[in-house]
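# A closer look at the structure
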Amino acid sequence: MDSDHSYQPEEKLERFLKAGEPPVYIGFGSVGDKKNAGETTALVIKALKLAKKRGIINTGGSGMNHTEEIQKTFYL
């Protein structure tokens, strides 16, 4: 598979990536439980805080949502 080296992330994401240590990526794709998406989002945020890690949460098809504004978290 060829890499596309021309990709440029949106400005907000690029700023987030440059603002600290590499983040942890979290996403469940379409296999997430939409009925419990709010609980899943809260659990992921709690885990990031406990681990003292920055994170990128892909809210995608799993139904996870942007429930809390956290400086160390970026939502896709």
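A brief look at the structure comes next. All values reported here derive from a predicted model rather than from experimental measurement.

Attention now moves to the nonpolar core. Counting residues in each nonpolar core, the largest one holds five residues, listed as Ile26, Val44, Ile45, Leu48 and Ile57. Considering every element that reaches this core, the biggest residue donor is helix α2 (residues 37-51), with three residues. Dropping the residues within four chain positions of it, Ile26 is found in contact with Val44, Leu48, Ile56, Ile57 and Asn58.

Moving on, we come to the packing of aromatic side chains. With the rule as written, the count across this model stands at zero aromatic pairs. Geometry around Phe16 places Arg54 over its ring, the cationic atom sitting 4.2 Å from the centre.

Turning to the side chain of Arg54, a few remarks are in order. Looking at where Arg54 falls in the secondary structure, it is placed in the loop between α2 and β2 (55-58). Despite its burial, Arg54 remains without a salt bridge, the nearest opposite charge being carried by Glu21 at 6.1 Å.

Over its 15 residues, α2 extends 21 Å from the first C-alpha to the last, a length consistent with the 21 Å expected when each residue adds 1.5 Å. If you check which residues of α2 are buried, you get Ala37, Thr41, Val44, Ile45 and Leu48. Buried residues in α2, looked at end-on, bunch into an arc of 95°, giving them a common side. α2 presents Glu39, Leu43, Lys46 and Leu50 as exposed residues on the side facing more than 90 degrees away from its buried surface. In the stretch just after α2, Lys52 is the one whose phi turns positive, near 55°.

Criteria and thresholds
- Residues numbered from 1 in each chain as written.
- Predicted model: local features only at pLDDT ≥ 70, side-chain atom pairs only at ≥ 80, totals over all residues.
- Heavy atoms only, no water.
- Core = buried A, V, L, I, M, F, W, Y, C linked by side-chain atoms within 4.5 Å.
- Buried < 20%, exposed > 50% of the residue type's maximum accessible area, 1.4 Å probe, protein only.
- Helix = DSSP H or I, 4+ residues; strand = E, 2+ residues; numbered from the N terminus.
- Contact = heavy atoms within 4.5 Å.
- Phe/Tyr/Trp six-rings, centres within 6.5 Å; stacked < 30°, edge-to-face > 60°.
- Lys NZ or Arg CZ within 6 Å of the ring centre and 35° of its normal.
- Lys, Arg positive; Asp, Glu negative; His and termini not counted.
- Salt bridge = Lys/Arg side-chain N within 4 Å of Asp/Glu carboxyl O.
- Expected span 1.5 Å × (residues − 1).
- Arc of directions from axis to C-beta.

This is a description of form; function is not addressed.
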